[in-house]
Amino acid sequence: ISDRPLTGRNYAIGAATTGHFGFGGSPTGMRGLQLDWLVTRPVDPTGLYVLFGGGIDVLGAAALADPTQRAAVVTGAVDNLRSIATGLVAGGARHI
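Note that the coordinates shown come from a computational prediction; the quantities given were computed from them, not determined experimentally.

Notes on the overall build of the protein
Point 1. Looking only at helices and strands, one finds 3 helices and 0 strands in the protein.
Point 2. Secondary structure of the protein in N-to-C order comes out as α-α-α.
Point 3. Residues counted as buried form 28% of the 96 residues belonging to the protein.
Point 4. When contacts within the protein are restricted to residue pairs at least 6 apart in sequence, long-range pairs at least 24 apart make up 53% of them.
Point 5. Total accessible area computed for the protein in this model is approximately 6,100 Å², and 63% of it derives from carbon and sulfur atoms.

Structure follows, in structure tokens:
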């Protein structure tokens, strides 16, 4: 897990969840990083934005004993990805 500044064009972070925080509470969640990114630079409306996430969320859900909690974690991951896409569109992205 890296706390490196957001530079360049590749914002992939290992062990990131789809939420505000990453694995173990690190500040590498996809939604948290997206908020930082949208505040510091404009969205390129001609750029291609690839959202790929949820694997760490699903792994965490699989470790839960309660099926209701597992479903809630997976649903939360889907909601987070939807929110990220919506934020990108609101910022001007057209190719997601």
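Re a nonpolar patch on the surface
Point 1. Side chains of Leu-48, Val-50 and Phe-52 sit close together on the surface and give an oily, nonpolar patch of about 440 Å² of accessible area.
Point 2. With respect to the element layout, Leu-48 can be found in the loop between helix 1 (30-40) and helix 2 (55-62).

A word on the environment of Asp-66
Point 1. Position of Asp-66 relative to the elements: it lies in the loop between helix 2 and helix 3 (67-91).
Point 2. According to the relative accessible area criterion, Asp-66 is partly exposed, its value standing at 33%.
Point 3. Of the polar contacts made by the side chain of Asp-66, one reaches the backbone nitrogen of Thr-68; its length is 3.0 Å.

Describing helix 3
Point 1. Compared with the 36 Å implied by 1.5 Å per residue over 25 residues, the 36 Å span of helix 3 between its first and last C-alpha is a close match.
Point 2. Looking only at helix 3, the buried set comprises Ala-77, Asn-80, Ile-84, Gly-87 and Leu-88.
Point 3. One side-chain oxygen of the residue at the start of helix 3 lies 3.0 Å from the amide nitrogen of Thr-68, identifying that residue as Asp-66.
Point 4. Positive phi appears at Gly-92, one or two residues downstream of helix 3, with a value of about 115°.

Parameters and conventions
Residues numbered from 1 in each chain as written. Predicted model: local features only at pLDDT ≥ 70, side-chain atom pairs only at ≥ 80, totals over all residues. Heavy atoms only, no water. Helix = DSSP H or I, 4+ residues; strand = E, 2+ residues; numbered from the N terminus. Buried < 20%, exposed > 50% of the residue type's maximum accessible area, 1.4 Å probe, protein only. Contact = heavy atoms within 4.5 Å. Areas by Shrake-Rupley, 256 points an atom, 1.4 Å probe, with all protein chains shown as cover. Patch = residues over 30% accessible without salt bridge, like charges linked within 9 Å, V, L, I, M, F, W, Y side chains within 5 Å. Salt bridge = Lys/Arg side-chain N within 4 Å of Asp/Glu carboxyl O. Polar contact = N/O pair within 3.5 Å; in protein donor to acceptor, adjacent residues only side chain to side chain. Expected span 1.5 Å × (residues − 1).

These figures come from the coordinates and say nothing about function on their own.
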